[in-house]
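# Reading the structure
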Amino acid sequence: MANIAKKVSWSSRGDDRGERTPLLNGAEDVKYTRQDIVRSRPKEIPHNEKLLSLKYESLDYDNSENQLFLEEERRMSQMSFSCLEITRWVICGLIGFLTGLIACFIDIAVENLAGVKYFVVKQNIEKFTELGGLSISLILWAVLNSAFVMVGGIIVAFFEPIAAGSGIPQIKCYLNGVKIPRVVRLKTLVIKVCGVICSVAGGLAVGKEGPMIHSGAVVAAGVSQGRSTSLKRDFKIFEYFRRDTEKRDFVSAGAAAGVSAAFGAPVGGVLFSLEEGASFWNQMLTWRIFFASMISTFTLNFFLSIYHGKPGDLSSPGLINFGRFDSDTMGYNLYEIPLFIIMGALGGLLGALFNLLNYWLTIFRIRYIHRPCLQVMEAMLVAAVTATVSFAMIYFSNDCQPLGEDHTEEYPLQLFCADGEYNTMATAFFNTPERSVRSLFHNPPGSYNPQTLGLFTLVYFFLAVWTYGLTVSAGVFIPSLLIGAAWGRLFGILLSSITSSQSIWADPGKYALIGAAAQLGGIVRMTLSLTVIMVEATGNVTYGFPIMLVLITAKIVGDYFVEGLYDIHIKLQSVPFLHWEAPATSHWLTAREVMSSPVTCFNRVEKVGTIVDVLSNISTNHNGFPVVVHTIEEDEPGKICGLILRSQIIVLLKHKVFVERASSRLSQRKLALKDFRDAYPRFPPIQSIHVSQDERECMMDLTEFMNPTPYTVPQETSLPRVFKLFRALGLRHLVVVDNENRVVGLVTRKDLARYHLGKHGLEELQLAQT
C-alpha cells in the first residue's frame, strides 16, 4: 500500500463538506473600524505551501437538468438551436474585434509614452555628455520610470489587486473550474490595460502579452453575457449563455484572441488556449476560437495600419513584432540539431533557476510585502534600480558600432562613442523589450560583442526575476524571450569564433531565435502552442522542427528541477487546481476515504425555516445539497433523488416560491429559467433575503428545481476513477452512495485537490481559510 507522507485527520472536518463562499470584497459579517484594521494588521503573514485554501469556490460546468431546463430545451426547435449556434459565432467575432481594439490602444499608448520618455532622456544625455553632469540624466531616467510605475502600481494595489501580474495563472484556474474573485470584472479590465501601459512605459522588465490574454478573457466574459453587472446595465441579449458552461467556452476564445493579438498568431492562440488554459474542449469550440483569433489579429492590424498612415496594409504580425526571418538566408543543417538540443537543455536549466528564485521571492512578498503602500514602493524601487543599472551598463560599455544609413535602432545613443557610432549596450537597455528582441534577432553579425551580450544576459535575468510578481500588470513572455535571445546570440558568436568556417555560423540571429524559445520554454513549460506562436510571429516555418525540439528538451530538463512558473504561482495561492490526471500512486484510495461526511441533505418538500437556518450557518457554508427521500427508519441516510444548489435555493427564497403561496394563488407567476439567469453570476447572500416568522413555517417543494439526475459513484470507487469523472465532466459536486443508493458522502474539488505527489510519495494537504 502506498504511503501518505502527511496524514491529516478529517474526522473533525464536518464543516468542509461543500464549497465555501469567500468572505471577501465587502462581506456582510463584522464591521471593523480603520483603527482596528491598522492595529490588527500583522507585520508578517505566515505562509504554508502545504495548505489548500477554502476561500475559492468552484464553477458549475455541469448543467443542472431540472424540469425548467428540460422544458425549455424541449420547446426549442431545430431552427432555435441553429440560431444559438450562429449567435455563438457572432459573440466570438465581437470578442475578437474588441480584443483587437484593446491591443491597438495598448500598442499606441505604449509607443507614444515610451517614445516621449526615451526622447527626453536621450536629449538630456546628449546635452550632459558634452557639458558634464550625466548624473542628472540618470536621475531624470529613474524619476520618469518610477513615476510611470507608481501610477501603475497605485491603481493595481489600491483599486484592483487581481489585475497584478500577467493574469495567465488566474485565467488558467478559471478555465479549470475555480472561481477566482473579480478576475473577469470590467474594473479589472480597465486597471489591467492602464497598468500594463504604465509598466511597459516605465521601463520594467515586462511584456504586454500576458495582460492581453487576461484582457481578452475579461472581454469574452462580459460580451457573452449581454450585460455589465459592474455598470448595472442589461442589454437583454445573449441571455441563454448566462451560465458557467457557456461562459467558460467564450473565455477560452477570449484568451486565444489575446494571444493572437499579441503575437499575430491565430493558430498559436487556439493551441495556447488548449494547452495552457482550457480544461474542456470540443471540435466546434476549436473553430469558433480560431475565428475569434483571426478577427482579433485582423482588427489590430487594420487599425494600426490606419494609425501609421498605411490604410489597408495588414502585414504587421501583431502587437509583438519580431520581424520576419528570411528562409533563404537563415536555414539550418542537420549537424546543428545537437547544438539546438544543448541550447534547449541550457534553457531548461536557466528557466528552472528563474522559477526557483522567483518562488522564494514570492514567498518573501507574501510574508512581508502585503500592504498596498509597500507594494507600490517596491515597484517604484525596482523601476529606479532598473533605470540605474541600465544607465550604468550603458555608461561603462565601450562597445561602439558604426551607425549605418538604414539603421534599425529606434533611439541610438552615442554617449562616448565616436561620431557616426552608437553604443550597442543602449540598443538592448535603452528601448522597449519588444524592440530589443527584434534587434537581437535581426541586427547583422558583428552588431554586438560577446562581453555586451554576456553582461546584458546576467543583469537582465535578475531584473526579470525581481520584476515578475510585483503588484503591477506585467507579462513574462517578452523578458524571457529577450534573455534567451541575448544568450542565444552569444552562443552563436562563440560558435563562430571557435570554428574555422565562418559561413556555417554566419547569422547569429537564428541562434538568438532558438535561445529565445529555449528560455521561454524553460520558464513557462509550453511546447506545441509556443512552437506555433514563434513560427507565426517570425513568419518562418523552417524553424518549426528545431523550435519544437528545443522546447521539449527545455521542458524535460526544467520539470526535473521545479514546476513551470504559472503552476508555481497557482500553488503559492493555495488554489484547488485539478491537473489532468490523479496522482499516480492513489489507486488504493477510494471515494469513501476522500469524501466529506456526514452530508447536509434536504427533503423533496422541506420547511423554509430549516432551509434558511442551513444556508445561514456560516460554519457549514455549503453550496450543494443532495435531495433525499427517507426510508421507514429515520436513522438511516436518505436515498438520493436529486441535487440542488445554494444559488438556486436563494432565488426560490427571494421569489417566495412556497407551497402555501402557490395553493393560495398569492404567487404572481410561475418561476422560469430567466429568473435564475437574471440573478447570475452575483447571487444575493442569504442575509439579504428577509423571511418572516410566518414564512419560516411554510414549505418549499424542490422537485421542479433540483437536478433529478446528479452524478453519483459507489463508495468503493477508486480515487483515480472519481478524479477522472469529476475532472472530465467539470463537476462541482459528486454524490457518494452505498449499494442501496443512500447518500453517504459528497466529493468536491477540494477533496480531490488535497492529494498530490510530493517528495516522499502521496501527500495530503490541509484545508484552511487562507
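Everything that follows concerns the structure shown earlier in this document.
Below is a short write-up of the structure. (Residues numbered from 1 in each chain as written. Predicted model: local features only at pLDDT ≥ 70, side-chain atom pairs only at ≥ 80, totals over all residues. Heavy atoms only, no water.)

### Side note on the overall build of the protein chain
Scanning the protein chain for helices and strands turns up 28 helices and 18 strands. The buried share among the 770 residues of the protein chain stands at 58%. By element, 61% of the accessible surface of the protein chain is carried by carbon and sulfur atoms, the whole surface being about 32,000 Å². (Helix = DSSP H or I, 4+ residues; strand = E, 2+ residues; numbered from the N terminus. Buried < 20%, exposed > 50% of the residue type's maximum accessible area, 1.4 Å probe, protein only. Areas by Shrake-Rupley, 256 points an atom, 1.4 Å probe, with all protein chains shown as cover.)

### Comments concerning the pattern of salt bridges
If you walk through the whole model with that rule in mind, you get 29 salt bridges. Connected through salt bridges with shared partners, the residues E85, R88, R243, E246 and R288 form a single ionic network. (Salt bridge = Lys/Arg side-chain N within 4 Å of Asp/Glu carboxyl O.)

### Focus: the sheet that holds strand β11 (residues 639-645)
Overall, mixed pairing links the three strands, which are arranged β8-β10-β11 in an open sheet. In the strand order of this sheet, the two ends are held by β8 (602-603) and β11, each with one partner. When strand β10 (residues 624-629) meets β11, the two strands line up antiparallel, connected through six bridges. Along β11, the bridge assignment pairs F625 with I644. Running over the sheet, helix α23 (residues 646-654) touches β8, β10 and β11 and is turned about 70 degrees from β11. (Pairing = 2+ DSSP bridges. Contact = heavy atoms within 4.5 Å. Axes fitted to C-alpha atoms, helices over the stretch in contact; angles between N-to-C directions.)

### Digging into empty space enclosed by the protein
For the coordinates displayed, the defined rule picks out six cavities of 30 Å³ or more. Considered as a void within the structure, the largest cavity measures approximately 170 Å³ in volume. The wall of the largest cavity is formed by 15 residues, among which D62, L643, L645, N707 and H733 lie closest to the centre. For the lining of the largest cavity, the residue count by class is seven nonpolar, five polar and three charged. (1 Å grid on protein atoms, 1.4 Å probe; cavity = no way out; pocket = protein on both sides within 12 Å on 5 of 7 lines; lining within 4 Å. Points joined across faces, edges and corners; volume = space filled by probe spheres on them. Nonpolar A, V, L, I, M, F, W, Y, C, P; charged D, E, K, R; others polar.)

### Quick look at unusual backbone geometry
Cis peptide bonds are those with omega within 30 degrees of zero, and the linkage from S597 to P598 qualifies with -5 degrees. By secondary structure assignment, the location of P598 is in the loop between α21 (591-594) and β8. Between Y680 and the following residue, P681, the backbone shows a cis peptide bond with an omega angle of 0 degrees. One can find P681 in the loop between α25 (673-679) and α26 (693-696). The residue K236 is not glycine, and still its phi comes out positive at about 60 degrees. For K236, the position within the fold is in the loop between β5 (233-234) and α8 (244-263). A relative accessible area of 53% means that K236 is categorised as exposed.

### Some thoughts on the packing of helix α11 (residues 337-368) against helix α19 (residues 544-561)
Orientation of α11 relative to α19, taken along the N-to-C sense of each, is 40 degrees, at an axis distance of 7 Å. Crossing angle aside, the handedness with which α11 passes α19 is right-handed. Contacts between α11 and α19 pair I337, F340, I341, G344, A345, G347, G348, L349 and A352 from the former with F545, P546, L549, V550, T553, A554, V557, G558 and F561 from the latter. Considered class by class, the residues forming the contact of α11 with α19 number 13 nonpolar, five polar and no charged. (Left-handed = near helix turned anticlockwise from the far one by under 90°.)

### Some remarks on the pairing of strand β14 (residues 733-737)
Burial within β14 is extensive, with five of its five residues counted as buried. Of the two faces of β14, the one holding H733, V735 and V737 and the one holding L734 and V736 are both buried throughout. By the bridge criterion, three bridges tie strand β13 (residues 712-714) to β14 in an arrangement that is parallel. Across the sheet, residue V713 finds its bridge partner in β14, namely V736. In this fold, β13 hands off to helix α27 (residues 719-729), which returns the chain to β14; that crossover is right-handed. Examined bridge by bridge, β14 and strand β15 (residues 743-748) share five bridges and lie antiparallel to one another. Each bridged residue has a counterpart across the sheet, and for L734 the counterpart in β15 is V747. Hairpin connection from β14 to β15: five residues lie between these consecutive antiparallel strands, with N741 at a positive phi of about 65 degrees. (Right-handed = clockwise from strand over helix to strand, strands pointing away.)

### Side note on helix α20 (residues 565-572)
The buried fraction of α20 amounts to six of the eight residues, a majority that puts the element mostly inside the structure. Of all the positions in α20, only L565, Y566, I568, H569, I570 and L572 are classed as buried. Positive backbone phi, at 60 degrees, marks S574, one or two positions downstream of α20.

### Looking at the nonpolar core
For soluble globular proteins, nonpolar side chains are generally found buried alongside one another. Residues I394, F429 and F477 are the most contacted members of the largest nonpolar core, which totals 142 residues. By residue number, the principal contributor to this core is helix α3 (residues 78-131), which donates 16 residues. Residues contacting F429, with those up to four places away along its chain left out, are Y118, W141, S390, M393, I394, F456, V459, Y460 and L463. In this structure, I649, L653, L673 and A679 belong to the second largest nonpolar core, which totals 30 residues. (Core = buried A, V, L, I, M, F, W, Y, C linked by side-chain atoms within 4.5 Å.)

### Looking at the sheet that holds β14
The mixed open sheet is built from three strands, whose spatial order is β13-β14-β15. Only two strands of the sheet have a single partner each, and these edge strands are β13 and β15. In this sheet, adjacent strand axes meet at a mean angle of 30 degrees when their direction is disregarded. Each of β13, β14 and β15 is contacted by α27, which is oriented at about 145 degrees to β14, the strand it contacts most.

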